[in-house]
Amino acid sequence: MTALILASQSPARTKLLTEAGIGHTVLVSDVDEDAVQARYGVTDPHDTALLLARAKAEAVAALPEAEGALVIGCDSVFEFDGEAHGKPYTADVARERMLRMSGRSGTLHTGHWLVDCRDTEAADDGAPATGSGATLGTVTSAVVSFVDMELAEIDAYIATGEPLHCAGSFTIDGMGGAFIRTVEGDPHAVVGLSISTLRGLLAQAGVRITDLWPVT
């Protein structure tokens, strides 16, 4: 069976894969996101999402544990008023952002990067190579529109701790879903990993997503 490694510690991403029937393991990268961005200079939110997804995937792909597997790295960046919003980390930042977002819309960009770590050379017994050598990625974006939020609601949400470690200060698959009016685009991308995008990347590496489903 083809092995897939998710280069992310996000519970939401691994839950998405699990519920989609996609077998995988988790191997977290030790990527310093600030250092990566500083190295490549200022980029727009769309490109930042792809840059960080690639950095995470390639960091895990370089580990011995990734040998013979496919590695998928993801990163999400929320674009609002032309600014890139990652994780807020503090209540004050989350509150300021959510007050601005109330009744308005922004774009959630999720970068995906796939690295094929399978063998690209034929085996000694003449068996064909299993790997494509692919290292490729893309960004899937969705426009998220919010309801009008009351300050008391925002403070209650922040008090749960949920928005502090989420790109844009919100989730769609948790308590934050109460504040989302509509999503234009793939809702899975808003969670943090587009299953259909993953399917397309796998296809370019010569793998069907059904190869990752459990054998029945």
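Data block above holds the structure.
Just so it is clear, the model here is predicted, and its values are computed rather than measured.

Of the regular secondary structure elements, the protein chain holds seven helices and seven strands. When the elements of the protein chain are put in sequence order from the N terminus, they spell out β-α-β-α-α-β-β-α-β-β-α-β-α-α. Taking 17 Å as the expected radius of gyration for a compact globule of 216 residues, we find that the protein chain reaches 18 Å, a close match to that expectation. The principal-axis extents of the C-alpha atoms in the protein chain amount to approximately 70 × 45 × 25 Å. Look at the contacts in the protein chain between residues 6 or more apart in sequence, and 71% of them connect residues 24 or more apart. Only carbon and sulfur atoms are counted for the fraction: they give 52% of the accessible area of the protein chain, which is about 10,600 Å².

This part takes up the pattern of salt bridges. Tallied over the entire structure, the rule returns 10 salt bridges. One salt bridge connects Arg118 with Asp116, and the closest N-O pair in it is separated by 2.8 Å. The residues Arg118 and Asp116 share a single accessibility class, namely buried. Taken together, the salt bridges that share partners define one network made up of Asp81, Glu83, Glu96, Arg100 and Arg104.

Another point: the packing of helix α4 (residues 91-101) against helix α5 (residues 151-159). Between α4 and α5, whose axes approach to 10 Å, the crossing angle comes to 145 degrees. α5 is crossed by α4, and the crossing has right-handed handedness. Contacts between α4 and α5 pair Ala91, Ala94, Arg95, Met98 and Leu99 from the former with Leu151, Ile154, Asp155, Tyr157 and Ile158 from the latter. Of the residues assigned to the contact of α4 with α5, the class counts are eight nonpolar, no polar and two charged.

What counts, and where the lines are drawn
- Residues numbered from 1 in each chain as written.
- Predicted model: local features only at pLDDT ≥ 70, side-chain atom pairs only at ≥ 80, totals over all residues.
- Heavy atoms only, no water.
- Helix = DSSP H or I, 4+ residues; strand = E, 2+ residues; numbered from the N terminus.
- Rg over C-alpha atoms; globule rule 2.2 N^0.38 Å.
- Contact = heavy atoms within 4.5 Å.
- Areas by Shrake-Rupley, 256 points an atom, 1.4 Å probe, with all protein chains shown as cover.
- Salt bridge = Lys/Arg side-chain N within 4 Å of Asp/Glu carboxyl O.
- Buried < 20%, exposed > 50% of the residue type's maximum accessible area, 1.4 Å probe, protein only.
- Axes fitted to C-alpha atoms, helices over the stretch in contact; angles between N-to-C directions.
- Left-handed = near helix turned anticlockwise from the far one by under 90°.
- Nonpolar A, V, L, I, M, F, W, Y, C, P; charged D, E, K, R; others polar.

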